[in-house]
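# Reading the structure
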Amino acid sequence: CPSGDWTIATLKFKSKLDGNTTVSLKNVAVSDENGTYKYKANYVPSTIIQPKPDLTVQNIILTSTEGLTEYVKNHTYNITAIINNTGSENADAFNVSLKDNGNTISTKTVSSLYANYSTAVLFDWMPSTAGAHNLTVVVDSGNTIMKQTN
(Lines give C-alpha, C1' and ligand atoms only; values in the text may rest on other atoms or scores of the structure.)
Protein backbone atom coordinates (compact mmCIF):
# COMPACT_ATOMS: atom_id res chain seq x y z
CA CYS A 1 0.00 0.00 0.00
CA PRO A 2 1.45 3.39 -0.91
CA SER A 3 2.17 5.77 1.94
CA GLY A 4 0.85 9.33 2.29
CA ASP A 5 -2.40 10.85 1.06
CA TRP A 6 -3.89 9.50 -2.13
CA THR A 7 -7.29 9.45 -3.82
CA ILE A 8 -8.99 6.07 -3.70
CA ALA A 9 -12.15 7.15 -5.50
CA THR A 10 -14.04 10.13 -6.70
CA LEU A 11 -17.77 9.98 -6.22
CA LYS A 12 -20.13 12.58 -7.65
CA PHE A 13 -23.85 12.57 -6.97
CA LYS A 14 -26.80 14.90 -6.55
CA SER A 15 -28.94 14.40 -3.47
CA LYS A 16 -32.65 14.05 -4.18
CA LEU A 17 -33.64 15.08 -0.65
CA ASP A 18 -32.66 17.93 1.63
CA GLY A 19 -30.35 17.14 4.51
CA ASN A 20 -27.25 15.07 5.04
CA THR A 21 -26.53 11.84 3.18
CA THR A 22 -24.59 8.77 4.32
CA VAL A 23 -22.56 7.05 1.61
CA SER A 24 -20.89 3.63 1.90
CA LEU A 25 -18.73 1.91 -0.69
CA LYS A 26 -18.78 -1.91 -0.79
CA ASN A 27 -16.83 -4.36 -2.95
CA VAL A 28 -14.77 -1.61 -4.52
CA ALA A 29 -12.14 -2.88 -6.92
CA VAL A 30 -8.81 -1.27 -6.09
CA SER A 31 -6.09 -1.10 -8.71
CA ASP A 32 -2.66 0.44 -8.94
CA GLU A 33 -1.70 3.45 -11.05
CA ASN A 34 -1.35 1.15 -14.10
CA GLY A 35 -4.91 -0.15 -13.74
CA THR A 36 -3.82 -3.59 -12.52
CA TYR A 37 -6.43 -5.12 -10.18
CA LYS A 38 -5.14 -5.50 -6.60
CA TYR A 39 -8.07 -6.34 -4.29
CA LYS A 40 -11.68 -5.58 -3.30
CA ALA A 41 -12.37 -3.39 -0.30
CA ASN A 42 -15.22 -1.98 1.79
CA TYR A 43 -15.07 1.56 3.11
CA VAL A 44 -16.66 2.87 6.26
CA PRO A 45 -19.84 4.88 5.67
CA SER A 46 -19.20 8.61 5.51
CA THR A 47 -21.71 11.35 6.15
CA ILE A 48 -21.73 13.99 3.47
CA ILE A 49 -23.06 17.28 4.75
CA GLN A 50 -25.16 19.11 2.22
CA PRO A 51 -24.08 22.75 1.88
CA LYS A 52 -26.70 25.13 3.22
CA PRO A 53 -27.29 28.85 3.59
CA ASP A 54 -26.73 30.38 7.02
CA LEU A 55 -28.84 33.53 7.29
CA THR A 56 -28.20 35.98 10.13
CA VAL A 57 -29.02 39.57 11.03
CA GLN A 58 -25.67 41.39 11.18
CA ASN A 59 -26.86 44.86 12.10
CA ILE A 60 -29.99 46.97 12.59
CA ILE A 61 -29.81 50.71 11.92
CA LEU A 62 -32.59 53.08 13.04
CA THR A 63 -32.76 56.60 11.57
CA SER A 64 -35.33 59.37 11.63
CA THR A 65 -36.81 60.42 8.28
CA GLU A 66 -37.29 63.90 9.73
CA GLY A 67 -33.87 64.40 11.29
CA LEU A 68 -35.19 63.92 14.84
CA THR A 69 -32.67 63.01 17.54
CA GLU A 70 -35.35 61.50 19.80
CA TYR A 71 -37.88 58.82 18.99
CA VAL A 72 -41.38 60.27 19.08
CA LYS A 73 -44.72 58.53 18.46
CA ASN A 74 -46.50 59.19 15.16
CA HIS A 75 -43.24 60.05 13.36
CA THR A 76 -41.67 57.83 10.70
CA TYR A 77 -38.31 56.12 11.07
CA ASN A 78 -36.25 54.00 8.69
CA ILE A 79 -34.99 50.67 9.92
CA THR A 80 -32.27 49.07 7.84
CA ALA A 81 -31.49 45.42 8.59
CA ILE A 82 -28.25 44.00 7.18
CA ILE A 83 -28.78 40.30 6.42
CA ASN A 84 -25.77 37.98 5.91
CA ASN A 85 -25.56 34.58 4.31
CA THR A 86 -22.46 33.11 5.92
CA GLY A 87 -23.31 29.62 4.67
CA SER A 88 -21.72 27.75 1.81
CA GLU A 89 -24.81 27.73 -0.42
CA ASN A 90 -26.97 30.44 -1.99
CA ALA A 91 -30.34 31.13 -0.37
CA ASP A 92 -33.52 31.18 -2.45
CA ALA A 93 -36.35 33.62 -1.64
CA PHE A 94 -37.02 34.20 2.07
CA ASN A 95 -38.90 36.67 4.27
CA VAL A 96 -37.51 39.16 6.76
CA SER A 97 -39.93 40.47 9.39
CA LEU A 98 -39.87 43.49 11.69
CA LYS A 99 -41.46 43.03 15.10
CA ASP A 100 -42.39 45.70 17.62
CA ASN A 101 -42.77 44.28 21.14
CA GLY A 102 -43.20 40.80 19.64
CA ASN A 103 -45.88 41.77 17.10
CA THR A 104 -45.05 41.50 13.38
CA ILE A 105 -45.57 44.92 11.83
CA SER A 106 -43.95 44.43 8.42
CA THR A 107 -42.54 41.62 6.27
CA LYS A 108 -40.28 41.99 3.22
CA THR A 109 -39.19 39.33 0.74
CA VAL A 110 -35.56 38.92 -0.33
CA SER A 111 -35.54 37.17 -3.72
CA SER A 112 -32.19 35.42 -3.14
CA LEU A 113 -28.86 35.89 -1.38
CA TYR A 114 -25.55 34.46 -2.56
CA ALA A 115 -23.32 32.56 -0.14
CA ASN A 116 -20.94 34.91 1.73
CA TYR A 117 -22.86 38.02 0.68
CA SER A 118 -25.11 40.44 2.54
CA THR A 119 -28.09 42.61 1.65
CA ALA A 120 -29.92 45.55 3.22
CA VAL A 121 -33.65 45.28 3.95
CA LEU A 122 -35.43 48.60 4.57
CA PHE A 123 -38.50 48.99 6.78
CA ASP A 124 -40.55 52.08 7.63
CA TRP A 125 -41.68 52.22 11.26
CA MET A 126 -44.06 54.67 12.92
CA PRO A 127 -44.56 54.06 16.64
CA SER A 128 -48.20 54.69 17.55
CA THR A 129 -47.57 54.67 21.30
CA ALA A 130 -45.10 56.37 23.62
CA GLY A 131 -42.79 54.33 25.83
CA ALA A 132 -40.35 51.50 25.32
CA HIS A 133 -40.34 49.55 22.06
CA ASN A 134 -38.43 46.30 21.58
CA LEU A 135 -37.72 46.13 17.83
CA THR A 136 -36.67 42.74 16.47
CA VAL A 137 -35.74 41.65 12.95
CA VAL A 138 -36.41 37.98 12.14
CA VAL A 139 -34.68 36.50 9.10
CA ASP A 140 -36.49 33.68 7.24
CA SER A 141 -39.61 34.37 9.28
CA GLY A 142 -41.54 31.92 7.08
CA ASN A 143 -38.96 29.20 7.85
CA THR A 144 -38.65 28.29 4.16
CA ILE A 145 -34.85 27.98 3.94
CA MET A 146 -33.08 24.85 5.19
CA LYS A 147 -30.11 26.44 6.89
CA GLN A 148 -27.09 25.56 8.97
CA THR A 149 -28.35 27.50 12.00
CA ASN A 150 -31.60 29.23 12.89
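Residues numbered from 1 in each chain as written. Predicted model: local features only at pLDDT ≥ 70, side-chain atom pairs only at ≥ 80, totals over all residues. Heavy atoms only, no water.

### Focus on the packing of aromatic side chains
Both the distance between ring centres and the angle between the ring planes are used here to describe each pair of aromatic rings. Rule in force here: Ring pairs shown here join Phe, Tyr and Trp side chains whose ring centres sit within 6.5 Å, with only the six-membered ring taken for Trp; geometry is labelled stacked below 30 degrees between planes, edge-to-face above 60, and tilted in between. Secondary structure counts use DSSP, requiring at least four H or I residues in a row for a helix and at least two E residues in a row for a strand, with both numbered from the N terminus. The classification of residues rests on relative accessible area computed with a 1.4 Å probe and restricted to protein chains. Under 20% of the type maximum is buried, over 50% is exposed, and intermediate values are partly exposed.
Using the criterion set out here, one finds two aromatic pairs in the structure. Ring centres of tyrosine 77 and tryptophan 125 lie 5.8 Å apart, and the angle between their planes is 45°; this geometry places the pair in the tilted category. Remark: tryptophan 125 occurs in strand β7 (residues 117-125) and tyrosine 77 occurs in strand β4 (residues 77-85); sequence separation between them is 48 residues. Judged by its relative accessible area of 0%, tyrosine 77 is buried.

### Description of the sheet that holds strand β3 (residues 55-64)
Going by this rule: A pair of strands is treated as paired once DSSP finds two or more bridges between them. Angles run from 0 to 180 degrees between N-to-C directions of axes, and those axes are lines fitted to C-alpha atoms, restricted for helices to the stretch in contact.
Across the sheet, which stays open at both edges, the three strands sit in the order β3-β4-β7 with antiparallel pairing between neighbours. The open sheet has two edge strands, β3 and β7, and neither has a second partner. Within the sheet, the average angular offset between the axes of one strand and its neighbour, ignoring direction, is 20°. Relative to β4, β3 is paired through nine bridges, and the arrangement is antiparallel. Across the sheet, residue threonine 63 finds its bridge partner in β4, namely asparagine 78.

### Let's talk about the environment of serine 141
This is how the line gets drawn: Contacts are residue-level and defined by heavy atoms, with any inter-residue pair within 4.5 Å sufficient.
Mapped onto the secondary structure, serine 141 falls in the segment after β8 (135-139). We classify serine 141 as partly exposed; its relative accessible area is 32%. Filtering out sequence-adjacent residues up to four positions away, serine 141 remains in contact with Asn95, Val96, Ser97 and Thr107.

### Quick look at the side chain of asparagine 85
Keep this limit in mind: A 3.5 Å cut-off defines polar contacts: any pair of N or O atoms within that distance qualifies, except that in protein one atom must be a possible hydrogen donor and the other a possible acceptor, and neighbouring residues in sequence count only when both atoms are side-chain atoms.
The residue asparagine 85 is located in strand β4 in this model. Engagement of the side chain of asparagine 85 in a polar contact is seen with the backbone oxygen of glutamate 89, the distance being 2.9 Å. Polar contacts involving the side chain of asparagine 85 include one to the main-chain carbonyl oxygen of leucine 113, which spans 3.1 Å. With sequence-adjacent residues up to four places away left out, asparagine 85 is seen in contact with Pro53, Asp54, Leu55, Asn90, Ala91, Leu113, Tyr114, Ala115, Asn116 and Tyr117.

### Focus: the nonpolar core
Rules: We define the nonpolar core as a collection of buried residues of types Ala, Val, Leu, Ile, Met, Phe, Trp, Tyr and Cys that are connected through side-chain atoms lying within 4.5 Å of one another.
With 17 residues, the main nonpolar core has Leu55, Ile83, Phe94, Val96 and Phe123 as its most contacted residues. Looking at this core, the elements that each hand over two or more residues are β4, β5 (94-100), β7 and β8. Element by element, the count of residues in this core is highest for β4, at four residues. Apart from the residues lying within four places of it in its own chain, the contact partners of valine 96 are Ile83, Ser106, Thr107, Lys108, Val110, Val121, Phe123, Val137, Val138, Val139 and Ser141.

### Some thoughts on the environment of threonine 76
As for its position among the elements, threonine 76 is in the loop between β3 and β4. The class for threonine 76 is partly exposed, based on a relative accessible area of 22%. Here the alpha-carbon distance between threonine 76 and methionine 126, two residues 50 residues apart in the chain, equals 4.5 Å. Discounting chain neighbours no more than four positions away, the residues touching threonine 76 are Ser64, Thr65, Glu66, Asp124, Trp125 and Met126.

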